[in-house]
Amino acid sequence: MNDSTTTLGEPVTDDALTRPFPGASPYDTYVHASVLNSLQQPLTEAPDEMGFLVTTQVMELWFTLIVHEWRTARVAFAKDDLPAALDALTRSRRALTALGGAWAPIAALTPAQFNGFRAAFGKASGFQSAMYRHMEFLLGDKSSRLLRAHRGDPAVHEALAETYREPSLYDEVLAYLHRQDLPVPRHVRERDVTGPYTSDPGVVEVWRRVYAGPRHHPHLTLGELLTDIAELVTRWRFEHVLVVRRAMGAKPGSAGSAGLTWLEQRAARPVFPELWEARGDV
C-alpha cells in the first residue's frame, strides 16, 4: 500500500469539489435549484400546507415534461417517423408513472388537516392549470369554454389556443395509420380538430385489424403504448378523485365547481376510446 492509497472508509478529498465557486454553482446555473426552492411560500402555519404546495408544483413540472414529449411524438408522427414517436411516448409513459406517484405526500390528508390551510388559497384550483389543459387538448379532449377561462392572461391564453387549434396527438396517430394503408375514415381525418374527439366505429375497425395482425408488428407496439398512456392518465384522474374524497368529501370545489362530482365526471372521460373498444373484438 503506497501513500496515495486510502484505507476502506477513509474519505477521499477532491479539491475540485471543495474549491469555492466564483458565483452561483454550475449546478444551480443549469438547474435553477435556488429558484425552484424559493417558490414554496405557505400562507398559513398549518404543517401540511408545505407538502400540498410542493406536490402541486412537482405535478406542474411533470405536466410540462409530458406535454413536451407528446408534442415531440406528434411531430414525429406527422413525419412518419415511428421510432422517434415511440421513443417520445415511452418517455412520457415514465413521466406519467412518476406523476401518479406524486400524490403520495398528500394522499392521506384528513379533512381537519386540509381545512388547516384550504381557506388560504381562496379560489385557486388545480382545475385552472393551463399546462394540464395542454395535456387534455393534446389527448383530444378539447373545450372552447375551458380555453376561454384563460383569457385574462394573454400569453397563457395564446399558447393554449395554439394547442387547441392544432391536431391532437391522437389525430396525428390516426393520420399516420392512414398513410400506412389502414382504413381510417375520411370524416375522421378531415374532422374539425377544435372539437372534442369522440369514438368512431371505423377507427375501432382500424385497431381491431392491428390487434388481429402479427403479434410483434410495430403498430401493435404503438397500440399498447397508447393504451398504457390512456390507463396512466385515467389512474391519475381517479387517484385525484380519491385524494379529494378523503380530504374534503363532497364539498364544493374552491373554484366554484361541483368538486368531487365534477372530478368524477372528468375522470370517466375515455382516453383513446377505440383502443379499449377494439379489444372486445379480437
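The rules behind the values
Residues numbered from 1 in each chain as written. Predicted model: local features only at pLDDT ≥ 70, side-chain atom pairs only at ≥ 80, totals over all residues. Heavy atoms only, no water. UniProt positions renumbered as here; feature names shortened; annotations may be inferred. Salt bridge = Lys/Arg side-chain N within 4 Å of Asp/Glu carboxyl O. Helix = DSSP H or I, 4+ residues; strand = E, 2+ residues; numbered from the N terminus. Buried < 20%, exposed > 50% of the residue type's maximum accessible area, 1.4 Å probe, protein only. Contact = heavy atoms within 4.5 Å. Polar contact = N/O pair within 3.5 Å; in protein donor to acceptor, adjacent residues only side chain to side chain. Axes fitted to C-alpha atoms, helices over the stretch in contact; angles between N-to-C directions. Parallel < 35°, antiparallel > 145°, perpendicular 65-115°, else oblique. Left-handed = near helix turned anticlockwise from the far one by under 90°.

Per an unreviewed UniProt entry, the protein chain goes by Tryptophan 2,3-dioxygenase and derives from Streptomyces ambofaciens. The UniProt entry for the protein chain carries the following comment under Subunit (unreviewed entry): "Homotetramer." Heading Function (unreviewed entry) of the UniProt record for the protein chain holds this comment: "Heme-dependent dioxygenase that catalyzes the oxidative cleavage of the L-tryptophan (L-Trp) pyrrole ring and converts L-tryptophan to N-formyl-L-kynurenine. Catalyzes the oxidative cleavage of the indole moiety."

**Q** Can you lay out the pattern of salt bridges for me, pointing to particular residues and giving the numbers?
**A** The full count for this structure, using the stated rule, is 17 salt bridges. Here D80 makes a salt bridge to R179, at a shortest N to O gap of 2.8 Å. Taken together, the positions of D80 in the loop between α4 (49-78) and α5 (82-101) and R179 in helix α10 (residues 169-179) put the pair 99 residues apart, joining distant regions of the chain. Residue R179 is classed as partly exposed on the basis of its relative accessible area of 37%. Residue R208 pairs with E205 through a salt bridge whose shortest N-O separation is 2.9 Å. Linking R208 with E205, this pair stays in helix α12 (residues 201-212), spanning three residues, or about one helical turn.

**Q** Residue-level account of the environment of A88, with values.
**A** Within the secondary structure, A88 sits in helix α5. A residue is classified by how much of its surface remains accessible, and A88, at 0% relative accessible area, is buried. Residues A88 and R74 lie 14 residues apart in sequence; the distance between their C-alpha atoms is 9.1 Å. Apart from the residues lying within four places of it in its own chain, the contact partners of A88 are E69, T72 and A73.

**Q** Kindly report on the UniProt feature "binding site: substrate" (unreviewed entry) in the protein chain, identifying the contributing residues and their values.
**A** When the UniProt feature table is mapped to this numbering, "binding site: substrate" (unreviewed entry) covers R118. Following the sequence through the fold, R118 ends up in the loop between α6 (111-115) and α7 (130-138).

**Q** Can you lay out unusual backbone geometry for me, pointing to particular residues and giving the numbers?
**A** The phi dihedral of D80 falls on the positive side, at around 60°, and the residue is not glycine. Using a relative accessible area of 38% as the deciding quantity, one classes D80 as partly exposed. Even without a glycine there, the phi angle at D181 is positive, about 70°. In this fold, D181 is placed in the loop between α10 and α11 (186-189).

**Q** Describe in detail the side chain of T227, supporting the description with residues and values.
**A** Mapped onto the elements of the fold, T227 is located in helix α13 (residues 218-248). Here the side chain of T227 touches G223 through a polar contact of 2.7 Å, landing on its backbone oxygen. Leaving out residues up to four positions away in the same chain, T227 has contacts with Y211, L275, W276 and R279.

**Q** Residue-level account of the UniProt feature "binding site: heme" (unreviewed entry) in the protein chain, with values.
**A** Per the UniProt entry, the sites bearing "binding site: heme" (unreviewed entry) are H240 in this numbering. You can see H240 is positioned in helix α13.

**Q** Any chance you could break down the side chain of S143 for me, citing the residues and the numbers?
**A** Its location among the elements puts S143 in the loop between α7 and α8 (144-148). Looking at S143, the relative accessible area reads 18%, which means it is buried. A polar atom in the side chain of S143 sits 3.4 Å from the backbone nitrogen of R145. Those residues in contact with S143 that lie beyond four places of it in its chain are F137 and Y164.

**Q** Can you tell me about the packing of α4 against α5, naming the residues and giving the values?
**A** Two elements in contact, α4 and α5, have axes whose closest approach is 8 Å; the angle formed by their N-to-C orientations is 165°. One way to sum up the angle between α4 and α5 is to call them roughly antiparallel. As α4 packs across α5, the resulting crossing turns out to be left-handed. Contacts between α4 and α5 involve M59, W62, F63, L65, I66, E69, W70, T72, A73, A76 and F77 from the former and L82, A84, A85, A88, L89, R91, S92, A95, L96, A98 and L99 from the latter.

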